[in-house]
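# Observations on the three-dimensional arrangement
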Amino acid sequence: MKTINNNLYLLKIIYASDKKRILYLICLSLISMLNTVISVLFIKFVLDCIIIYQSFQYLLLLIFAERAISITLSYIECNLRWKKCPISDNIIKEHMLKKVYAKSIKIELCELDKPEFYDKFNRALGEAEQRAFAMIYSMESFLTSLLTIFSISTIIILLGWKLIFLSIISSVIGVLVNMAISKLNFNKNNALTRPNRKLEYIRRLFYLPQYIEEIKTNNYKKLFFTKLENSTEDYTIQIKKYQSKIAFFDVINNWQTFVINFGIASIFIGEQVISGAIGVASFTSLIYASTTLSSSLSNIFSIIPQMAQHSLFIDNLREILDYISSMEPTKDSKVVQKEKNHSIVLDHVSFKYNSGTDDILKDISLKINKGEKIALVGENGAGKSTLVKLILRLYDPQSGSLYFDNDNYRDLDVNSLRKEISVVYQNFQSFAFSIGENVLTRELIESEDERNVWDALKGSGLYSKIQNLPDKLNTPLTNEFDENGINLSGGESQKLAIAKAICKDTGVIIMDEPSSSLDPLSEHEMYLRMFNMCKDKTLILISHRLYSTKMVDKIYYIENGSILESGNHEELIKLNGKYASLYNIQAQQYK
């Protein structure tokens, strides 16, 4: 029952994507069945014309009629298979990918941190479009075989009904063998998921831009090749484990098909020809019909394990598509209203990434008032970026609570919450789309969209650069798909990230090392723009460069996941603790 439910689940998605694809499937099955029936009958009629009627005129007429029908069917089939179906398949592919991609955005990061779930998610991404098409072809094969069985069985009953039993015996043996092969293939594919992911990761290292300079300037070759060899060896071990068994069963299936459908059937029908019960024409047609019937029956029976195999993969896909995040908004979730600033409170918050690690954040309590500017400082690995992930509700803490404008995070619509927070990441990711689309995070439709983007670029200091480009906001970022595209420097990319934050116009802005790629002069200009932009907004600044922390209202020095010191710049300097020590070290570098 689960197999049927899973296949119906995917069939409904296919039908919802493009109803016409099901119609094409039925038409192609009918054409395939008609071609098979014509082939079986054509052999008999041709031989009858030659042996019994000995009429050249009838033979020409028969060949002309057969060619006319076959050409017509072939034209219809080609039009469907090579013109209509690819368009329909592309629509289905788009629909399936949108469903999986939309769901992937909602999957919690804590789930993706689990290797088992990530493997399952990886398989779902790989199977999303392929499994739909595999099922379509299985359905077409099933329907074709079913129609062929009814038509060929009628011919065999009229000419030699006993052959049906031989076809059934061969088919039953075939389906048992194919079931064993399907199970082996499924286990093999699961076993290859991790080695394939490792091989794909190594492949990405050699073509993704962010790795190229690192690889070229350091001697990673031996290490990478060792990893490649290890992953390939893991892959080969699984292939050896399963492929020899699959080959063994395949040989058995081919052997039994030849022996039963050609050997035993030829002996049985040949005896009837010798006794004069049937003619040579019927003998030839029956052998062909028997083989065709056995093949169709085998297909019917093999579709069952195929559907079972589809079900196993669909079950995996379905688990991802039906996944409901604990952060998913409900009808009772409160929508965060758009305001010029917001308050954020962390109340005794502790967090770790998985049950096997120590707490990354330990009993953190802090309050950020509306419009307040705070800085999180500390050494690498102190927990600053993790804290930001909790504020964005990318994770939920194991203990403690977070509040946004006095409302508990767990009671809020997470989508509306994130709409009110802009983040300028240290490693900002730009996409191979236009500059305008990167800033606005959607297509520019109205003139107001362009005005908002230009205003944001002015605020970030990137206006002049973009204004002087021939295509301006329509200029593609990177030249991966367009030779007219541009590659921004690290500093320009961070300015673009700031422009995106300005354009989003939220009440809370988080800056994660916003000046890491800027020279001192650009850094100074950037901070002046940033604080002017955030004058009425709530600002959270993460920075190793303590020059900027003098401008904020409150500083939190974090060490080993705990708040060690807090206060404004003057207070922490008087405290003469860790913050003062770090500040003085940096100040000495500029003397």
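Details of the structure are given in the entry above.
Okay, so let's go over this structure. (Residues numbered from 1 in each chain as written. Predicted model: local features only at pLDDT ≥ 70, side-chain atom pairs only at ≥ 80, totals over all residues. Heavy atoms only, no water.)

## Here we look at the sheet that holds strand β1 (residues 344-351)
Read from one edge to the other, the open sheet built from 4 strands follows the order β2-β1-β4-β5, with strand pairing classed as antiparallel. The open sheet has two free edges, formed respectively by β2 (361-368) and β5 (407-408), since each of these has just one partner strand. Relative to β5, strand β4 (residues 399-404) is paired through 2 bridges, and the arrangement is antiparallel. Paired with Phe404 across the strands is Asp407, a residue of β5. In the packing of helix α10 (residues 384-391) onto the sheet, the strands contacted are β1, β2 and β4, and the crossing angle to β1 comes to about 120°. (Pairing = 2+ DSSP bridges. Helix = DSSP H or I, 4+ residues; strand = E, 2+ residues; numbered from the N terminus. Contact = heavy atoms within 4.5 Å. Axes fitted to C-alpha atoms, helices over the stretch in contact; angles between N-to-C directions.)

## Let's talk about the environment of Val259
Relative to the helices and strands, Val259 resides in helix α8 (residues 221-275). Spatially, the C-alpha atom of Val259 lies 9.2 Å from that of Ser170, the residues being 89 residues apart in sequence.

## Observations regarding the nonpolar core
Here is a general trend for soluble globular proteins: nonpolar side chains tend to be buried in one another's company. Val439, Leu457, Ile466, Leu496, Met511, Met530 and Tyr579 are the most contacted members of the largest nonpolar core, which totals 41 residues. Looking at which element gives the most residues to this core, the answer is helix α15 (residues 490-504), with 6 residues. Excluding anything up to four places from it in sequence, Ile466 contacts Ile435, Trp454, Leu457, Lys472 and Leu473. With 31 residues, the next largest nonpolar core counts Ile344, Ile421, Tyr556 and Ile558 among its residues. (Core = buried A, V, L, I, M, F, W, Y, C linked by side-chain atoms within 4.5 Å. Buried < 20%, exposed > 50% of the residue type's maximum accessible area, 1.4 Å probe, protein only.)

## Quick notes on the layout of surface pockets
Of the voids in this model, the second largest pocket is the one considered here, and its volume is about 400 Å³. As for the second largest pocket, its lining consists of 18 residues, and the residues nearest its centre are Ile105, Lys106, Ile107, Asn415 and Arg418. For the lining of the second largest pocket, the secondary-structure elements that each account for two or more residues are α3 (56-106), α4 (109-112) and α11 (414-419). Looking at the lining of the second largest pocket residue by residue, the classes come out as 9 nonpolar, 3 polar and 6 charged. (1 Å grid on protein atoms, 1.4 Å probe; cavity = no way out; pocket = protein on both sides within 12 Å on 5 of 7 lines; lining within 4 Å. Points joined across faces, edges and corners; volume = space filled by probe spheres on them. Nonpolar A, V, L, I, M, F, W, Y, C, P; charged D, E, K, R; others polar.)

## Considering the packing of helix α1 (residues 2-17) against α3
One way to put it is that α1 packs onto α3 with a least axis distance of 9 Å and a crossing angle of 120°. When the axis of α1 is compared with that of α3, the two are oblique. Every pair of crossing elements has a handedness; the one defined by α1 and α3 is right-handed. In this structure, α1 contributes Leu10, Ile13, Ile14 and Ser17 to the contact, and α3 contributes Ile91, Ile92, His95, Met96 and Lys99. (Parallel < 35°, antiparallel > 145°, perpendicular 65-115°, else oblique. Left-handed = near helix turned anticlockwise from the far one by under 90°.)

## A look at the sheet that holds strand β3 (residues 373-377)
Strand order in the open sheet made by the 6 strands is β6-β7-β8-β3-β9-β10, with mixed pairing throughout. Two strands close off the open sheet at either side, each with one partner strand: β6 (421-424) and β10 (562-567). Neighbour to neighbour, the strand axes of the sheet diverge by 20° on average, direction disregarded. Two elements, β3 and strand β9 (residues 554-559), share 4 bridges in a ladder whose sense is parallel. Note on β9: the bridge partner recorded for Val377 is Tyr557. Those strands touched by α10 are β3, β6, β7 (508-512), β8 (538-542) and β9, and its axis lies near 150° from that of β8.

## Some details on the packing of aromatic side chains
Evaluated as defined, the whole model comprises 10 aromatic pairs. A centroid spacing of 5.3 Å and a plane angle of 70° characterise the contact between Trp454 and Tyr463, whose relative ring orientation is edge-to-face. We classify Trp454 as buried; its relative accessible area is 16%. Tyr463 sits in the partly exposed class, given a relative accessible area of 28%. Put simply, the rings of Phe351, Tyr353 and Tyr395 pair up and form one aromatic cluster. If you follow Lys19 out to its NZ or CZ, it ends over the ring of Tyr15, 5.4 Å from the centre. One residue, Lys458, lies across the ring of Tyr463, its end atom 5.1 Å from the ring centre. (Phe/Tyr/Trp six-rings, centres within 6.5 Å; stacked < 30°, edge-to-face > 60°. Lys NZ or Arg CZ within 6 Å of the ring centre and 35° of its normal.)

## Here's the deal with the packing of helix α13 (residues 447-460) against α15
As a packed pair, α13 and α15 sit with axes 8 Å apart at the nearest point and diverge in direction by 130°. With respect to α15, the axis of α13 lies oblique. Judged by the sense of rotation from one axis to the other, the crossing of α13 with α15 is right-handed. On α15, the residues touching Asn452, Val453, Ala456, Leu457, Gly459 and Ser460 of α13 are Lys495, Leu496, Ile498, Ala499, Ile502 and Cys503. Across the contact of α13 with α15, the residue classes break down as 8 nonpolar, 3 polar and 1 charged.

## Side note on a nonpolar patch on the surface
A surface patch of nonpolar side chains, amounting to about 560 Å² of accessible area, comprises Ile50, Ile51, Ile52, Tyr53 and Tyr58. No other element matches the 4 residues that helix α2 (residues 20-53) contributes to the nonpolar patch. Judged by its relative accessible area of 55%, Tyr53 falls in the exposed class. (Patch = residues over 30% accessible without salt bridge, like charges linked within 9 Å, V, L, I, M, F, W, Y side chains within 5 Å. Areas by Shrake-Rupley, 256 points an atom, 1.4 Å probe, with all protein chains shown as cover. Salt bridge = Lys/Arg side-chain N within 4 Å of Asp/Glu carboxyl O.)

## Some words on empty space enclosed by the protein
Counted under the stated rule, the structure contains 1 cavity of 30 Å³ or more. Estimated volume of the largest cavity: approximately 50 Å³. Surrounding the largest cavity, Asp396, Pro397, Gly400, Ser401, Leu402, Asn408, Tyr409 and Arg410 form its lining. With 3 residues, the single largest contributor to the lining of the largest cavity is β4. In terms of residue class, the lining of the largest cavity is made up of 3 nonpolar, 3 polar and 2 charged.

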